[in-house]
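An overview of the molecular structure
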Amino acid sequence: MRERTKALAFLGVWVLSLGLVLAAVAAVQPARPSPGAPLGADLVIRGEGWTIEYSPARTSNNTAFSLLREANVTFGFELDWVEYGWPYEDVFVTSINGTRNDGSRNLWWQYCVNGAYASQGALHQEVRDGDIVLWVFAPPGGAELCR
Amino acid sequence: MPLNLTYRKLPKPALALLMIVAGVAGRILLASAPNVEPVLILSMLAGMLLGGIYALVVPVSIMALSDVYFYFVPYEGMYPAFSILGLAAFVYSGYAFVSLMGGFLMRRRLVWRTRTIAILTTISVPLTIAYDAWTAFGNWLFISAPLGQTLPQVYAMQVPFTLIHVFSSLLFAPILGTTFLAIHTFGVPVPGEAPAEARQDSQ
């Protein structure tokens, strides 16, 4: 086979393999919750020496982050986050109400739903009717910090 | 007056420097796309094209110089020093392993052929998976285990990240491989007198 033919064949296989890997990446990513019927949920934000509580009667924001964002807009407290684009499509909350993540003290913003520690990104965590979402500023510690 | 170009071969230190500059710039510019990075392929190329001490100097220099930027600019104070140093040991040794394997598997195949680039690209996939398995273990040891996560959980969460890393290696292997193999084989174009035979051809 001539060198040019080999190069073209390699180019074809290369583009195909890139496409296949991208399809695999998309396939293993969990889907974000689709908008559902309005729900009622409780939000508690526990910082260092302060607590914010928010209980909307009905809301269409059905993820752990979008509910926090709704409270942020409603009450006007400070909220900061880092967005992760494709393929993650999620957020990392870095600061709430002036309390910023602090690696030197190992204190981070994390969330729990109904007492269960987060197992996925806050934009992928679905909130259902009657759920209690807790955002807490603490050392990472699994279920203990959700109490 | 036409610009005459001639090709000048680069000595090993200059080629190593070029790889280090490309690696540092690429890692910093691609920081917003996690796991899309040119360092793994440049490490393979350092082992393959340069060998010897350069197989260690190139990946370690790329990581050390870019880490200075990352941990003093965007991530200042975000992670405890113990966790960073522990994980860094796995990351640096992972790239050194990839570089040594690149040299071991490719050093005798340095010909300007499509086959060379195809083999480099193919080998980059298992090396990327091995690198990710090693560094995910380091991540579990220094970051995830203290949080109560098990090693199987960490490996399960690693899957999408590794797929993206494989995509990154597949993307960069032919691009950087062709570029640096060409520089290694033919040199870099510099202004100068064209070879005598070329002058005669044009007359």
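Being a predicted model, the structure only gives us computed values, none of them experimental.

A separate point is the nonpolar core. The biggest cluster of nonpolar side chains holds 48 residues, and the ones touching the most others in it are Met-19, Ile-41, Met-44, Leu-45, Val-58 and Phe-180 of chain B. Of all elements in the fold, only α1 (3–28) of chain A together with α1 (12–29), α2 (39–50), α3 (54–72), α4 (81–106), α5 (114–144), α6 (151–186) and β2 (188–191) of chain B reach the threshold of two or more residues within this core. Look past the residues within four positions of Phe-180 of chain B in its chain and what remains in contact with it is Leu-15, Leu-18, Met-19, Ala-22, Leu-42, Leu-45 and Leu-49 of chain B. Formed by 27 residues, the second largest nonpolar core is a distinct cluster that contains Ile-45, Trp-50, Ala-71 and Leu-79 of chain A.

What follows covers helix α2 (residues 64–75) of chain A. Because an α-helix packs 3.6 residues into every turn, residues spaced three or four apart end up facing the same way. All names here are of chain A. Helix length check: α2 (12 residues) gives 17 Å between terminal C-alpha atoms against 16 Å at 1.5 Å per residue, within 8%. All of the buried residues along α2 are Ala-64, Phe-65, Ser-66, Leu-67, Leu-68, Glu-70, Ala-71 and Asn-72. Of the surrounding secondary structure, the elements contacted by the buried residues of α2 are β1 (42–46), β2 (51–54), β3 (79–84), β4 (90–96), β6 (108–113) and β8 (132–138). Gly-76, located one to two residues past α2, shows a positive phi value of around 85°.

What follows covers the sheet that holds β4 of chain A. Residue and element names in this part refer to chain A. If you walk across this open sheet you meet the three strands as β3-β4-β5, and the pairing is antiparallel. The open sheet has two edge strands, β3 and β5 (99–100), and neither has a second partner. As paired strands, β4 and β5 are joined by two bridges and run antiparallel to one another. Each residue of the ladder has a partner; that of Ser-95, found in β5, is Arg-100.

A separate point is the interface of chain A and chain B. Between chain A and chain B, the residue contacts involve 22 residues of the former and 21 residues of the latter. Carbon and sulfur atoms supply 78% of the area buried between chain A and chain B, which totals about 1900 Å² over both sides. The interface formed by chain A and chain B contains zero salt bridges. No other element matches α1 of chain A, which puts 12 residues into the side of chain A that touches chain B. Class assignment of the residues belonging to the side of chain A that touches chain B gives a composition of 15 nonpolar, four polar and three charged.

The next subject is the packing of aromatic side chains. Taken as a whole and assessed by the stated rule, the structure comprises 12 aromatic pairs over all chains. Judged by centre distance (5.9 Å) and plane angle (45°), the rings of Trp-50 of chain A and Trp-109 of chain A are tilted. With Trp-50 of chain A in the loop between β1 and β2 and Trp-109 of chain A in strand β6, the pair connects residues that are 59 residues apart, well separated along the chain. Both residues of the pair, Trp-50 of chain A and Trp-109 of chain A, count as buried. Through a chain of ring-to-ring contacts, three or more aromatic side chains come together here, namely Phe-90, Trp-134, Phe-137, Trp-140 and Phe-142 of chain B.

Calculation rules
Residues numbered from 1 in each chain as written. Chains lettered and ligands numbered in written order. Predicted model: local features only at pLDDT ≥ 70, side-chain atom pairs only at ≥ 80, totals over all residues. Heavy atoms only, no water. Core = buried A, V, L, I, M, F, W, Y, C linked by side-chain atoms within 4.5 Å. Buried < 20%, exposed > 50% of the residue type's maximum accessible area, 1.4 Å probe, protein only. Helix = DSSP H or I, 4+ residues; strand = E, 2+ residues; numbered from the N terminus. Contact = heavy atoms within 4.5 Å. Expected span 1.5 Å × (residues − 1). Pairing = 2+ DSSP bridges. Buried area = accessible area lost by both parts, 1.4 Å probe. Salt bridge = Lys/Arg side-chain N within 4 Å of Asp/Glu carboxyl O. Nonpolar A, V, L, I, M, F, W, Y, C, P; charged D, E, K, R; others polar. Phe/Tyr/Trp six-rings, centres within 6.5 Å; stacked < 30°, edge-to-face > 60°.

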